[in-house]
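# Tertiary structure, described
Listed here are the chains, written in short residue letters.
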Amino acid sequence: MNKPIFQISPGFEEIMPPEYRELVANGPYGKGFGVSDLGSYKELIEEHPLCAGCGLALSIRLALASLPNPGDTVIVGSTGCSSLVFPQVALHNIHSLFGNQNAVASGLKRALKLRFPDKVKDVVVIAGDGATADIGLDMVMQSWFRRENITTIMLDNEAYANTGGQESGMSRQGAVLNMAPTGKKFPKATLPEVAQAAGCAYVAATSPAHPRMLEKAVRKAVLIAREVGPTYIQLFSPCPTNYKFKPQETIPLIKQREKEGIFRNQEYISDEAQRFLDSLEEARKK
Amino acid sequence: MGKQQITDPHHLLFEAPRVQSFITGSEAVAEAVKRANVDMAIAYPITPQSESMHLVGELFEQGYIRDFYRAENEFAVMAAIHGASLGGGRVFTATSGPGTLRAMEMFPVWAGARQPIVCAFMCRGVSLPPSIQPENIEMGMLLDTGMLMLHAEDGQDFHDMVLAGYAVAEQPEVHLPVGVFVDGFFATHTKDRILLPPADLKLPPYDPRTAPVPTFDMETPPMRITRDPLLNKSNFISGAANASWHQEVLAAAERSRRHLRTYLGGLLEVESPKAKTLIVASGTAVSQSREALRLLQAEGIDAGLIKIKSIRPFPEEELAEATDHADLIVVPEFNAGGWLGREVKAALDRNRRVVSGPRLFGGMSMPPGLIVETIKGAMATKNRSAGGA
């Protein structure tokens, strides 16, 4: 615990839920933990209501474990399966409506800059593919155009899963889903390329099949967003419930897609962002 | 930017010496924002709101506001304002007609999130055929969003209600958004003599720690104890939690009444209270009704006027008391739907006394003579039916 605000007032320990007490005693705030520390501390995510084998659950767990500064990070979410998880996440997190997440994050980050000029407050958007690539795309892109200092993480399960498995802009062409009864007629949206063109200083596409890669991407994205500009990460998070595969096949499915060349891990770093990362590395060596 | 001293809202609104200025309603709202110690404003252009937000942008350039930007659409404006307020900032924005409707999904979110956002609405037509002309149908569409709604008659009200809006909205027991509505063009684009408090005074900064809900800044402990989110669960506990939250929003609006009385001098105002014929109006229809009163009184017809300043909460009890002795209540308004007429009818017993009209819309002005005709017509009908009985 790096901040006294997380301490429980004397006399109230017993009435706090056990998982909260555990969080206070052994949480990740200010510890500099990463994914390799999972299992050794009380995680930010508590038991969640998502389906067995949910790719989103894996991505959220790893992304939260990768945050460089959880004690001063506020998450902005959106409607979807992920919004069922966040009430059980031990960070301030906002879910207001479907699709407005990057607009909310823009206002939030600016207000936090005004109120805490001498302190870093990271604002990270974590939302699904429908929220990011469809209903909220204009606000996502406009936040990039404005060069807002926020990180946007898309949990890409290639469908509207929470409403019962409908086609989204991120579904693959030909996929037969609700509202696409004869198969999707147009290709999966290419958000990483869009993000780069729209001004993101750092863009990565990866998945929970590569925890280390995911961790590095999240850390870089959050650090770069602080100083350089907006960053975007797309996490392929397959949905066993709506795509009808077995819960234990989530990670094998990602790896199979990689093998077939259908999904590829990508990374783009702008020159300015690279110089910034180099300067951090220099400072660390000294 | 001139140096500003912090003063309390009561002093700023009621005690500080005022100087007369001949300005538009748009300028008046910017003068209020200048004195409101606003952290952040966000704007999207729409007629007839734009001029006021240009001026608010200039306040940012001059240093009176700490952050400002032009956003991508009104839904995004209201979402970003929501985010800035969740982060603990005092915020301001404004919109009009179609912008209000585009942003509609956000207003219940502001109220549900218990945010003391002040938003000005320069009302205009919203329908097809397209209209940028004055009318206030959008107010009828916002009656149940949970926000407090004040209706300004003129530039003076507009200025004072924006400042009073912050004072009321930020009361810990209220903490709700306040919409300050004005009939576009009539009040925004016409110059009037407006009394302004000194420009070297401003409200105290907003302290988010006085809010009844936590600020999203990771400076208070994160909660993580909602094992059953209020959202999407069909069980009794989730349903009851959700319902009680809504009830508390409504209760907070009820608790705003005493603060509105303090900062607006009442939720309504009455002129010639003893008259048996009363006009009940809000916004610029009040000004037109004042003229109608003059015309009626010149003809020896005794009539009075009730100006409703607060639409939400609605002054049901005050209105019932003020109209108890009246035989005829006429409600002129600037929209086709007649929402104020419905509100008045719903608040009163013997509501066949209420004539909902005249209604002007599509950009037409309201000739005082039309209000006079409506009153005379209603009196004649009443006399005929009395004679026939």
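Just so you know, these numbers come straight off a predicted model, no measurement behind them. (Residues numbered from 1 in each chain as written. Chains lettered and ligands numbered in written order. Predicted model: local features only at pLDDT ≥ 70, side-chain atom pairs only at ≥ 80, totals over all residues.)

The sheet built from seven strands is open, its strands ordered β4-β3-β5-β6-β8-β7-β14 (chain B) with mixed pairing. The open sheet terminates on both sides in strands that have one partner only, identified here as β4 (67–70) and β14 (310–312) of chain B. With direction set aside, neighbouring strand axes in the sheet form an average angle of 20°. The sheet contact formed by strand β3 (residues 40–43) of chain B and β4(B) spans four bridges and is parallel. Looking across to β4(B), one finds that B:Ala43 is bridged to B:Arg70. Here helix α3 (residues 101–115) of chain A sits on the sheet and contacts β3 and β4 of chain B; the angle it forms with β3(B), its principal contact strand, is near 155°. (Pairing = 2+ DSSP bridges. Helix = DSSP H or I, 4+ residues; strand = E, 2+ residues; numbered from the N terminus. Axes fitted to C-alpha atoms, helices over the stretch in contact; angles between N-to-C directions. Contact = placed C-beta atoms within 7 Å.)

This next bit is on the domain arrangement of chain B. Residues and elements named next belong to chain B. You can read the domains of chain B as domain 1 (5–210) and domain 2 (268–388). Distance from the C-alpha centre of domain 1 to the C-alpha centre of domain 2: 28 Å. Between domain 1 and domain 2, the contact holds 23 residues from the first and 19 residues from the second. Every element with two or more residues in the side of domain 1 that touches domain 2 is listed here: α7 (137–141), β7 (148–151) and β8 (178–183). Ranked by the residues each element gives to the side of domain 1 that touches domain 2, the list is headed by β7, at four residues. Residues that form the side of domain 1 that touches domain 2 fall into these classes: 13 nonpolar, six polar and four charged. (Domains from an automatic or database assignment. Nonpolar A, V, L, I, M, F, W, Y, C, P; charged D, E, K, R; others polar.)

Turning our eyes to something else, we now look at helix α12 (residues 339–347) of chain B. Of all the positions in α12(B), only B:Trp339, B:Leu340, B:Gly341, B:Glu343 and B:Val344 are classed as buried. As for α12(B), its buried residues are in contact with α7, β12 (277–281), α11 (316–323), β15 (328–333) and β16 (354–359) of chain B. (Buried ≥ 20, exposed ≤ 12 C-beta atoms within 10 Å, placed from the backbone.)

Residue and element names in this part refer to chain A. With six of six residues buried, strand β4 (residues 151–156) is to be regarded as a mostly interior element. Pairing analysis gives six bridges linking β4 to strand β6 (residues 231–236), with the strands arranged parallel. Paired with Ile153 across the two strands is Ile233, which belongs to β6.

Now for the interface of chain B and chain A. The partner chain A presents 37 residues to the 35 residues of chain B that form the contact. Listing elements by their share of the side of chain B that touches chain A, those giving two or more residues are β3, β4 and α4 (74–86) of chain B. Considering each element in turn, the side of chain B that touches chain A owes the most residues, nine residues, to α4(B). Grouping the constituent residues of the side of chain B that touches chain A by class yields 18 nonpolar, eight polar and nine charged.

Residue and element names in this part refer to chain A. Examined against the element boundaries, Gly99 turns out to sit in the loop between β2 (93–94) and α3. A residue is classified by how many C-beta atoms lie within 10 Å of it, and Gly99, with 24 of them, is buried. Each C-alpha atom, one on Gly99 and one on Tyr20, is 31 Å from the other, the two residues being 79 residues apart in sequence. If we ignore the near neighbours within four places in the chain, the residues touching Gly99 are Ser78, Ala131, Ile135, Gly136 and Met139.

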